Amino acid sequence: MIKYIVKADVKEQLAKDYLKRHENISSTLWKKIKRQDEFFVNGQKVRATQAIVKPNDIIEYNLPVTSKVEAIQIPLNIVFEDDYFLIVDKIAGMLTHPLTFENTQTLANGVMYHFAKTNQNVGCHPLYRLDRNTSGLVVFAKMPQLQHQLANNHQKFQRYYYALVHGKLSQKQGQINAPIGRKKDSIILHEVNDEGKYAITNYRVIKEFENYSLIELWLETGRTHQIRVHMSYLGHPLLGDDLYGGKLNLISRHALHAYKLKFNHPFTHEEICISSPMPDDMAKLIIDQEFATL
């Protein structure tokens, strides 16, 4: 059962209008709610289309949960969970979500197994996807409307990354505002080009070493390969990112880790801040350089 408490500062209105205006329910989701005919106000079953709500009323409804993702037992590092979200620390080398040619050993398969094992009748709704070789925090919403509300909303849902990049940046803090689009004649590569989509990446240098730098990045948009493309565009590709000009001599995957999330919980209204330690392969490169300078 999905539950909302009507906010105290709203006027009496149709439940449909309240859910759309204040809880970001999409028109598509509202149609599903209507068809299911399992709609309650203050514990009383009512017709969804005619229901009127006032401040502090309790709205509840049921929706069928459907998912094509197979539940498979895969070890998960769960760092946060409540009735609305599951946050998992993903290892490098694993897909976030199944693809046609690889649909069993992904993070989403493990998430569905966790939901089944804990008797949670919820779906698998990732708010974003990390590249296979990017490690770090991934958020799964347990309700489709939360995915609709927060996915790619970088003002409400802030994501921070660590990256190791080749060379030393001339500007130690800055913003990259350069459109990103698919590279001509490639189904994988992306590039900065005038026909691409608006893309903004912010960065700051944390520490410099002899041949590479540790930087922090945070996004204002969520384009495919955005950090990788933007850093390559600056002339400082990620270590291990041979797709965009990085070298493989120090690390076997692109050195990118989604290390922190900040957001205001849409139900409890608490500020949630979750962090993940830097993975061993990236940490070793920093430690080795620090010891080399002793």
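Please read these numbers as outputs of a predicted model, since none were measured by experiment.

A. Molecular detail of the sheet that holds strand β4 (residues 44-45). Judged by pairing direction, the sheet is antiparallel, and its 4 strands sit side by side in the order β1-β6-β3-β4 without closing on themselves. With partners counted over all chains shown, the strands left at the sheet margins are β1 (2-5) and β4, one partner each. In this sheet, β4 lies alongside strand β3 (residues 39-41) in antiparallel orientation, the contact comprising 2 bridges. Residue Phe40 lies in a different strand from β4, and its bridge partner there is Lys45.

B. Main features of the packing of aromatic side chains. Under the defined criterion, the tally for this structure stands at 9 aromatic pairs. Ring centres of Phe39 and Tyr61 lie 6.4 Å apart, and the angle between their planes is 5 degrees; on these two criteria the pair is classed as stacked. Here Tyr61 lies in strand β6 (residues 58-61) and Phe39 lies in strand β3, a separation of 22 residues in the sequence. Considering the side-chain rings of Tyr160 and Trp218, the 6.2 Å spacing of their centres and the 40 degrees angle between planes classify their relative orientation as tilted. Here Tyr160, found in strand β11 (residues 157-166), pairs with Trp218, found in strand β16 (residues 212-219); they are 58 residues apart in sequence, far enough to count as distant. Members of the aromatic cluster, joined through ring pairs, are Tyr4, Trp30, Phe39 and Tyr61. Cation over ring: Arg159 sits above Tyr128, and NZ or CZ is 3.8 Å from the ring centre.

C. Structural context of the layout of surface pockets. Size it by volume and the largest pocket reaches roughly 910 Å³. In terms of lining residues, the largest pocket is bounded by 30 residues, among which Leu130, Asp131, Arg132, Thr224 and His225 are the most central. Those elements that provide at least two residues to the lining of the largest pocket are β11 and α5 (226-233). Sort the elements by how many residues they give to the lining of the largest pocket and α5 lands first, with 3 residues. The class makeup of the residues in the lining of the largest pocket is 12 nonpolar, 11 polar and 7 charged.

D. Quick look at the nonpolar core. Counting 69 residues, the largest nonpolar core has Phe39, Tyr61, Phe85, Phe140 and Met231 as the members making the most contacts within it. If sequence neighbours within four positions are ignored, Phe140 has contacts with Tyr84, Phe85, Leu86, Val88, Thr96, Leu107, Ala108, Val111, Cys124, His125 and Pro126. Leu164, Ile251, Met278 and Met282 belong to the second-largest nonpolar core, a separate cluster that totals 15 residues.

E. Quick look at α5. Most of α5 sits inside the fold, with 6 of its 8 residues counted as buried. All of the buried residues along α5 are Gln226, Ile227, Arg228, Val229, His230 and Met231.

F. Local environment of the pattern of salt bridges. A complete count under the given rule lists 9 salt bridges for this structure. With a closest N to O distance of 2.7 Å, Arg204 and Glu216 form a salt bridge. Placement of the pair is Arg204 in strand β15 (residues 200-208) and Glu216 in strand β16, with a sequence separation of 12 residues. Classification of Arg204 by relative accessible area gives partly exposed; the value is 32%. With a shortest N-O distance of 2.7 Å, Arg228 and Asp241 are connected by a salt bridge. In this pair, Arg228 sits in helix α5 while Asp241 sits in the loop between α5 and β17 (256-264), placing the two residues 13 residues apart along the sequence. Here the two residues Arg228 and Asp241 agree in accessibility, since each one is buried. Counted as one network, the salt bridges with shared partners bring together Asp131, Arg228 and Asp241.

G. The arrangement of the environment of Lys117 in detail. Structurally, the position occupied by Lys117 is in helix α3 (residues 107-117). Residue Lys117 is classed as exposed on the basis of its relative accessible area of 61%.

H. Expanded view of helix α1 (residues 15-22). Of the residues making up α1, those classed as buried are Ala15, Tyr18 and Leu19. What you see down the axis of α1 is that its buried residues fit within an arc of 95 degrees, all on one side. Against the buried residues of α1 lie β1, β2 (13-14), α2 (27-36), β3, β5 (52-53) and β6. Following α1 by one or two positions, Asn24 has its phi on the positive side, about 60 degrees.

I. Highlighting the side chain of His190. By the secondary structure assignment, His190 is in strand β14 (residues 190-192). Sequence-distant contacts of His190, that is, excluding residues within four places in its chain, are made with Ile180, Gly181, Arg182, Lys183, Thr224, His225, Val229 and Tyr244.

J. How the structure looks around the pairing of β16. Of all 8 residues in β16, 7 are buried; the element is thus mostly enclosed. Of the strand pairs in this sheet, β11 and β16 are connected by 7 bridges, and their pairing is antiparallel. By the bridge assignment for β16, Val165 is matched with Ser213. Inspection of the sheet shows β15 paired to β16 by 7 bridges, in the antiparallel sense. Directly across from Lys207, in β16, lies its bridge partner Leu214. Here β15 hands over to β16 after 3 residues, the two strands then running antiparallel side by side.

Procedures and definitions
Residues numbered from 1 in each chain as written. Predicted model: local features only at pLDDT ≥ 70, side-chain atom pairs only at ≥ 80, totals over all residues. Heavy atoms only, no water. Pairing = 2+ DSSP bridges. Helix = DSSP H or I, 4+ residues; strand = E, 2+ residues; numbered from the N terminus. Phe/Tyr/Trp six-rings, centres within 6.5 Å; stacked < 30°, edge-to-face > 60°. Lys NZ or Arg CZ within 6 Å of the ring centre and 35° of its normal. 1 Å grid on protein atoms, 1.4 Å probe; cavity = no way out; pocket = protein on both sides within 12 Å on 5 of 7 lines; lining within 4 Å. Points joined across faces, edges and corners; volume = space filled by probe spheres on them. Nonpolar A, V, L, I, M, F, W, Y, C, P; charged D, E, K, R; others polar. Core = buried A, V, L, I, M, F, W, Y, C linked by side-chain atoms within 4.5 Å. Buried < 20%, exposed > 50% of the residue type's maximum accessible area, 1.4 Å probe, protein only. Contact = heavy atoms within 4.5 Å. Salt bridge = Lys/Arg side-chain N within 4 Å of Asp/Glu carboxyl O. Arc of directions from axis to C-beta.

Function cannot be inferred from these measures alone, as they are strictly geometric.
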